[in-house]
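Report on the structure
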Amino acid sequence: MIQEAFIHFVWKHQYFIKSNLATSTGQPLNIIKPGFHNTDAGPDFKEGKVVIDGLEWNGSIEIHRRSSDWHVHKHSSNESYNNVVLHVVWEHDLDIELRDGTIIPTFEIADRVDTELLNGYKALMNSLAPVPCAYQLPYVDDLIKETMIERMTVERLYNKAQLVTEVYNETGNDWEQTAFRWLAKSFGFKVNAEQFEKLAQLIPSRLIAKNSNNLKRLEALFFGQAGFLTSKGTTDEYHKELKEEHKFLSHKYALPEPMLMFQWKFMRLRPANFPSIRIAQLAAIMHNQYGLFSRIKQIQSLKHLENLLIAETSDYWRRHYRFGKTTNKNVPVFGTTSVQSVGINTVAPLLVSYGISVDQQMYVDQAVTLLESLAPEINRITRLWQNLGVKSGAAFTTQGLIQLYNLYCQRKKCLDCTIGTRILKR
């Protein structure tokens, strides 16, 4: 089945036979200007210019698979479609009238599209490969691929930045609280991300600042609000001390109700990724931390990230993965892979969001510089691209490849992809 997106592509680039053009009623048609592709609500192409039977028309162009789709999409009741001067369709099956009774001139395009172009499009749409253009990809110029990947990285960055901005709005335009919430969420990675974000909502950054010189008090604040100090069965002395400290803090600051312990997930996690360890590490980062966001704004490299994120936990958490359970081995610090993940998914989007809010391009450029300094990610998607001969030397590239695969290749949006359109143009 021909998708409407393909007809858009054909019309936008005028990839059809132009000799003896005529409307469905046989009136001579001359296309002066196809119009500008409209990505907002309303007709598909704005400011088009056509000459029909010697008379010039200026207005919008609407695209459909069948003429009758005009009614399916309920354009008849939408006044913005009253200035449509040409209806471009794959198949004309019904005359369409405007409100004043005027029949919209229709141009049927199916028989005018080159067979090779149509077959190339069908080959992409029917491809069973994870990347539809896998077999044609080696024949596409590297510059075309690099341009598309770069575009995808920027798109992904701005999408994440929009999520940061939403958090910023929720915090009442508080960048410190926004940075803490966004950083906390990253400490949960995929399994406990929501739980860590909830925890950060229960701990105002101003309280962290007031108690940042006391690591034990921070641990009491963090573990208490996380629901780890409600257990009555443990005989661990440190647990009891934190519990008493949290009771004091709750009374002093009127803290909101803490989370429940069962909300945290430990199953199928390596001990180093247990939420208890991640909470201890987060508290350690905030210890003696004055102005988290101010420090984040200065990050430009892996070294800067490590200085921020690799912090010494309390003695207790160097020998414990959970309360009351001692380990003979030292608990590892926040690893390089985790540091890089925070840089990619937390710091870079924060910088872009802030740069947009203050209209300072330097922070967007700083985020790009950071991604270019971090090692490429290794996962199922990046390995797939590597097998197709697409190399990635930094996280900047792998972020683009992930975006391209998830939002374009999997959805077969080849006509919105520079690589896909170049293959069809060939």
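Structure: see above.
What follows is about the packing of aromatic side chains. Considering all chains together, one arrives at 25 aromatic pairs under this definition. Here the aromatic rings of F6 and W90 are separated by 6.0 Å at their centres, their planes lie at 65°, and the arrangement is edge-to-face. Of the two residues, F6 sits in helix α1 (residues 4–13) while W90 sits in strand β5 (residues 84–91), which places them 84 residues apart along the sequence. Look at F6 and you get buried, because its relative accessible area is 0%. Given a relative accessible area of 16%, W90 falls into the buried group. It is K18 that lies over the ring of F16; its NZ or CZ is 4.8 Å from the centre. Positioned over the ring face of F274 is R322, at 5.9 Å from the centre of the ring.

Attention now goes to the packing of helix α5 (residues 175–187) against helix α10 (residues 275–286). Orientation of α5 relative to α10, taken along the N-to-C sense of each, is 150°, at an axis distance of 10 Å. Note on packing geometry: the crossing formed by α5 with α10 is right-handed. Of the residues in α10, those touching α5 at F180, L183, A184 and F187 are R278, Q281, L282, I285 and M286. For the contact of α5 with α10, the residue count by class is 7 nonpolar, 1 polar and 1 charged.

Attention now goes to the state of the cysteines. Working definition of a disulfide: a covalent bond connecting the sulfur atoms of two cysteines. One pass over the full model with this rule turns up 0 disulfides. As a non-bridged cysteine, C133 has C409 as the owner of its nearest cysteine sulfur, 6.1 Å distant. Relative accessible area serves as the criterion here: at 9%, C409 is assigned to the buried category.

A few words now on the nonpolar core. In terms of nonpolar packing, the biggest core is built from 76 residues, with F180, F222, F223, W264, I279, L309 and F323 touching the most fellow members. Considering every element that reaches this core, the biggest residue donor is helix α13 (residues 336–357), with 9 residues. Not counting chain neighbours up to four residues away, the residues in contact with I279 comprise F196, L199, F222, F223, A226, F228 and W264. In this structure, I2, L86, W90 and W385 belong to the second largest nonpolar core, which totals 52 residues.

What follows covers the pattern of salt bridges. This model, assessed by the stated rule, comprises 9 salt bridges. R66 is paired through a salt bridge with E91; the nearest N and O atoms lie 3.5 Å apart. Of the two residues, R66 sits in strand β4 (residues 55–66) while E91 sits in strand β5, which places them 25 residues apart along the sequence. Residue class for R66 comes out partly exposed when judged on its relative accessible area of 32%. On the basis of relative accessible area, E91 is assigned to the partly exposed category, the value being 36%. The salt bridge involving K145 is made with D142; its shortest N-O contact spans 3.5 Å. Pair noted here: K145 and D142 are both in helix α4 (residues 142–170), with a separation of 3 residues, about one helical turn. By relative accessible area, K145 is classed as buried at 11%.

Bridge analysis of strand β3 (residues 45–52) against β4 gives 6 bridges, and the strand direction is antiparallel. What sits directly across from V51, in β4, is E56. Between β3 and β4, which follow one another and run antiparallel, lie 2 residues, and D53 among them has a positive phi close to 55°. Here β4 pairs with β5 via 6 bridges, running parallel. Each residue of the ladder has a partner; that of E62, found in β5, is H87.

For β5, the tally of buried residues reaches 7 of 8 residues, placing the bulk of the element in the interior. Note that β5 and strand β6 (residues 106–108) share 3 bridges and pair parallel. From the neighbouring strand, H87 faces β6, where its bridge partner is T106.

The phi torsion at N173 lies on the positive side, around 65°, for a residue other than glycine. With respect to the helices and strands, N173 occurs in the loop between α4 and α5. The class for N173 is partly exposed, based on a relative accessible area of 49%.

Tracing the sequence through the fold places T23 in the loop between α1 and β1 (29–33). Reaching out from T23, the side chain makes a polar contact with the side chain of T25 at a distance of 3.0 Å. Residues contacting T23, with those up to four places away along its chain left out, are L29, I52, P105 and T106.

Moving on to helix α6 (residues 193–201). Taken together, the buried positions of α6 are occupied by A193, Q195, F196, E197, L199 and A200. Tucked inside the fold, the buried residues of α6 contact α4, α5, α8 (215–226) and α10.

Bringing the environment of V154 into the picture now. Following the sequence through the fold, V154 ends up in helix α4. With 90 residues separating them in the primary sequence, V154 and H64 have C-alpha atoms 31 Å apart.

Another point: the environment of A193. Assignment of secondary structure puts A193 in helix α6. In this structure the C-alpha to C-alpha distance between A193 and W264, which are 71 residues apart in sequence, comes to 9.9 Å. Those residues in contact with A193, other than ones at most four positions away along the chain, are K185 and G188.

Reading the values: rules and limits
Along each chain, numbering runs from 1 in the same order as the chain's sequence is written. For this predicted model, a pLDDT threshold of at least 70 governs which residues receive local features, and a threshold of 80 or more governs which side-chain atom pairs are given and counted, while totals over whole chains, interfaces and linings are taken from all residues. Side-chain metrics in this entry use all non-hydrogen atoms of the structure; hydrogen atoms and water are not considered. A pair of Phe, Tyr and Trp rings is counted when the ring centres sit within 6.5 Å of each other, with Trp represented by its six-membered ring. The angle between the planes then sorts it: under 30 degrees is stacked, over 60 is edge-to-face, the rest tilted. By the criteria applied, helices consist of DSSP H or I runs no shorter than four residues and strands consist of E runs no shorter than two, each listed in order from the N terminus. Burial classes: relative accessible area under 20% of the type maximum marks a residue as buried, over 50% as exposed, and values in between as partly exposed (1.4 Å probe, protein chains only). By definition here, charges over rings are those cases where NZ of Lys or CZ of Arg is within 6 Å of the ring centre and within 35 degrees of the ring normal. The angle between two axes is taken between their N-to-C directions and runs from 0 to 180 degrees, where each axis is a line fitted to C-alpha atoms and a helix contributes only its stretch in contact. Definitions for this section: a left-handed crossing has its near helix turned counterclockwise from the far helix by less than a right angle. A right-handed crossing has that turn clockwise. In this description, contact between two residues means that some pair of their heavy atoms is separated by no more than 4.5 Å. Each residue receives one of three labels: charged for Asp, Glu, Lys and Arg, nonpolar for Ala, Val, Leu, Ile, Met, Phe, Trp, Tyr, Cys and Pro, and polar for the others, Gly being one of them. Criterion for a disulfide: a pair of cysteine sulfur atoms at a distance within 2.5 Å. Among the buried residues, those of types Ala, Val, Leu, Ile, Met, Phe, Trp, Tyr and Cys that are joined through side-chain atoms within 4.5 Å form a nonpolar core. Each reported salt bridge corresponds to a side-chain nitrogen of Lys or Arg within 4 Å of a carboxyl oxygen of Asp or Glu. At least two DSSP bridges between two strands are needed for those strands to be called paired. Contacts described as polar in this section are N or O atom pairs within 3.5 Å, which, within protein, must combine one atom able to donate a hydrogen with one able to accept it, while residues neighboring in sequence count only if both atoms come from side chains.

Function cannot be inferred from these measures alone, as they are strictly geometric.
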